[in-house]
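Topology and contacts: notes
Residue-level listing of the chains:
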Amino acid sequence: MKITEIQEHLKRLGLRKAYRPYVEPESGAAMLKVRRPAQIVDGRLHGSEIDLYSAETFRVWTAKKKKAKTLAQKHKLQVRLLDGEAELFVPAALADTILSAFGAWTRRELTPEQLEAARARMRKVRNGLSLRKIPVKNEVTGAGGGY
């Protein structure tokens, strides 16, 4: 599955937020980028991992056991509590409210004014870099050309 196909699938699910998907190279699973990716350090899980478990369900593997338990009770979701970690199953209807709590990145939609301001900053940076082609003299030896 390609990233564009995953993005189209997420839109068909009715998600309002535009998440940043990627394909895991080893298994080919559709994953969502998170702020703190899951890592096991000294036998304990740190961070979280979100993947598309089935056609309309996301699976969140996280070290935030208490948060997963309270959200599962509040929204009547399925959760597997493990030693120091949890596995929470989130339906697509609740994905916009729950996935960002576990660090899922979303694409920010920029207004036309913000886009124009960013373009102006980039033009300014590009023009400023072209002026730096003049070599700087070394004050100690008087030789030029070094950065």
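This section reports on the structure supplied with the text. (Residues numbered from 1 in each chain as written. Predicted model: local features only at pLDDT ≥ 70, side-chain atom pairs only at ≥ 80, totals over all residues. Heavy atoms only, no water.)

1. Some words on the pairing of strand 8 (residues 78–82)
With 5 bridges connecting them, strand 8 and strand 9 (residues 85–91) associate as antiparallel partners. Paired with Gln 78 across the two strands is Phe 89, which belongs to strand 9. As consecutive antiparallel partners, strand 8 and strand 9 are separated by 2 residues, and within that stretch Gly 84 has a phi angle of approximately 80°, a positive value. (Pairing = 2+ DSSP bridges. Helix = DSSP H or I, 4+ residues; strand = E, 2+ residues; numbered from the N terminus.)

2. So, helix 2 (residues 65–75)
For helix 2, every residue scored as buried is listed here: Ala 68, Leu 71 and Ala 72. Looking straight down helix 2, one finds that the buried residues subtend no more than 100° of arc, so they occupy a single side. Facing away from the buried side of helix 2, by more than 90 degrees, are the exposed residues Lys 66, Gln 73 and Lys 74. Along its buried surface, helix 2 packs onto strand 7 (57–62), strand 8, strand 9 and helix 3 (95–98). Lys 76 lies just past helix 2 and shows a positive phi near 55°. (Buried < 20%, exposed > 50% of the residue type's maximum accessible area, 1.4 Å probe, protein only. Arc of directions from axis to C-beta. Contact = heavy atoms within 4.5 Å.)

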